[in-house]
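# What the coordinates show
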Amino acid sequence: MQAKNESDNKELIDQFHRDGYIFFENAITSEQLASLNAELASWVDESKSHKKPFGKIKDGRPRFDIEPKTHSESTPAVRRITSPAEISEICLDVVKDNNALDLVTEIFGPNITHLGNKINLKLPGSGTEVKFHQDFPFEPHSNEDIMTVLYFLDDVTLENGPLEVVPGTHNGPLHSHWHKGIFTGAVAENVASENKKNALSCIGKAGSACLMHSKLLHGSAPNRSSLPRSLFIITYKAEDAVALSPNHLPSDLVGMVVRGKETGTVRCTSYSIELPEYPKEVSFFGQQSKSKNIAM
């Protein structure tokens, strides 16, 4: 697939380097969107028969995470599906080829590998919130050329819990996500409150995407509307970025070359960061819940 020609993409690439994110329309085709949503609907329907997280990923943790306080048969509240491309040819095909990937390759290429994939859901009434954080402290690598691409499976509005990003923070410090000896997966409250006033909401039509640098500070509020907000999230990286800690979403698909080739080289940049804690919880949301009992 081809997103646009190279000259058309220059403005988007310049914006990415300046702001740390890009909103990109038609990131996946209408056929891909319909197939992904059909697959997702079947998983949400399956969740109605479960009262706790279910399924299994490579390290034994559940694949399907549910909101513990609000999930029920009548109001299903699946909040995370980990590595769906392992169990879905539809998801795997999108990981391997989509319009946004062409743009990722222009920015961090020519050699790009897959780092991880997941679906984050905010179903109506689920109450799921994402505290402000950076992705890179969860997945430190030898260099920082890592891109989180969030594909909109629904129309994203101001009311249904859109992604909120703080432009330019990818060029700032790597904030601690440890507080009082606990890895909470969130920045300190004073860091969040100071940056929230500069946050912008990423809204748009289903099929669009937000391409986000892994160091960009971001979060999102709960879905207070009657409309769902689901994202298929794929993380890509430059092939010469080598992991410095175990992958928190282990999968046999990690390291799969999706553009270019494998070179066997390592490129290093200079920075300092606290290594993350390998999660015991079902998902990232469980890690962030620990911050509620900590005065940060």
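Now for a description of the structure that goes with this document. (Residues numbered from 1 in each chain as written. Predicted model: local features only at pLDDT ≥ 70, side-chain atom pairs only at ≥ 80, totals over all residues. Heavy atoms only, no water.)

### What to know about unusual backbone geometry
- Going from G109 to P110, the amide bond is cis rather than trans, its omega being 15°.
- Along the polypeptide, P110 turns up in the loop between helix 4 (99-108) and strand 4 (112-122).
- Phi is positive for S83, which is not a glycine, with a value near 50°.
- Here S83 shows up in the loop between strand 3 (78-82) and helix 3 (89-96).
- A relative accessible area of 1% places S83 in the buried class.
- Phi at K180 is positive, roughly 55°, even though this residue is not glycine.
- With respect to the helices, strands and loops of the structure, K180 is situated in the loop between strand 8 (178-179) and strand 9 (182-183).
- On the accessibility criterion, K180 (67% relative accessible area) is exposed. (Helix = DSSP H or I, 4+ residues; strand = E, 2+ residues; numbered from the N terminus. Buried < 20%, exposed > 50% of the residue type's maximum accessible area, 1.4 Å probe, protein only.)

### Remarks on the sheet that holds strand 7 (residues 163-165)
- Taken in spatial order, the four strands line up as 5-12-7-10 in an open sheet, and their pairing is antiparallel. The sheet terminates laterally at strand 5 (130-133) and strand 10 (200-202), the two strands that pair on one side only. Taking the axes of each pair of neighbouring strands and ignoring which way they run, one obtains an average angle of 30° across the sheet.
- The pairing of strand 7 with strand 10 spans three bridges and is classified as antiparallel. Its bridge partner being in strand 10, E164 is matched across the sheet by S201. (Pairing = 2+ DSSP bridges. Axes fitted to C-alpha atoms, helices over the stretch in contact; angles between N-to-C directions.)

### Quick look at the nonpolar core
- In this structure, V149, Y151, L211, F232 and Y236 are the most contacted members of the largest nonpolar core, which totals 44 residues.
- Among the elements that line this core, the one with the most residues is helix 4, at six residues.
- Apart from residues lying up to four places away in sequence, Y151 is in contact with A27, I28, N98, A100, L101, S208, A209, S230, L231, F232, I234 and Y236.
- The next biggest cluster of nonpolar side chains, apart from the first, holds twelve residues, and it includes Y21, L150, C210 and M212. (Core = buried A, V, L, I, M, F, W, Y, C linked by side-chain atoms within 4.5 Å. Contact = heavy atoms within 4.5 Å.)

### Focus on the packing of aromatic side chains
- On inspection of all chains with the given rule, the structure shows eight aromatic pairs.
- Relative to F64, the ring of W43 lies with its centre 6.0 Å away and its plane at 65°, an arrangement referred to as edge-to-face. Of this pair, W43 sits in helix 2 (residues 30-47) while F64 sits in strand 2 (residues 64-66); the two residues are 21 residues apart in sequence, bridging distant segments of the chain.
- Exposure remark for W43: the relative accessible area of 8% places this residue in the buried category.
- Residue classification places F64 among the buried positions, given a relative accessible area of 5%.
- A ring pair is formed by F54 and F64, whose centres lie 4.6 Å apart and whose planes are at 5°; its orientation type is stacked. With F54 in the loop between helix 2 and strand 2 and F64 in strand 2, the pair connects residues that are ten residues apart, well separated along the chain. Of the two residues, F54 and F64, both sit in the buried class. (Phe/Tyr/Trp six-rings, centres within 6.5 Å; stacked < 30°, edge-to-face > 60°.)

### Things to note about the packing of helix 2 against helix 3
- Where helix 2 meets helix 3, the closest approach of the two axes is 9 Å, and the angle between their N-to-C directions is 140°. As the angle between them shows, helix 2 and helix 3 are arranged oblique. For the pair helix 2 and helix 3, the crossing hand works out as left-handed. Contact residues: helix 2 offers Q32, S35, L36, E39 and W43, while helix 3 offers I90, C91 and V94.
- Split into classes, the residues belonging to the contact of helix 2 with helix 3 amount to five nonpolar, two polar and one charged. (Parallel < 35°, antiparallel > 145°, perpendicular 65-115°, else oblique. Left-handed = near helix turned anticlockwise from the far one by under 90°. Nonpolar A, V, L, I, M, F, W, Y, C, P; charged D, E, K, R; others polar.)

### Digging into the pattern of salt bridges
- Taken as a whole and judged by the stated rule, the model has 16 salt bridges.
- We note a salt bridge from K48 to D45, for which the minimum N-O separation is 3.6 Å.
- Measuring nitrogen to oxygen at the nearest pair gives 2.9 Å for the salt bridge that ties R267 to D240. Of the two residues, R267 sits in the loop between strand 14 (257-259) and helix 6 (284-289) while D240 sits in the loop between strand 13 (229-238) and strand 14, which places them 27 residues apart along the sequence.
- Accessibility expressed as a relative area gives 17% for D240, which makes it buried.
- One salt-bridge network, held together by shared partners, links D65, E67 and R79. (Salt bridge = Lys/Arg side-chain N within 4 Å of Asp/Glu carboxyl O.)

This is a description of form; function is not addressed.
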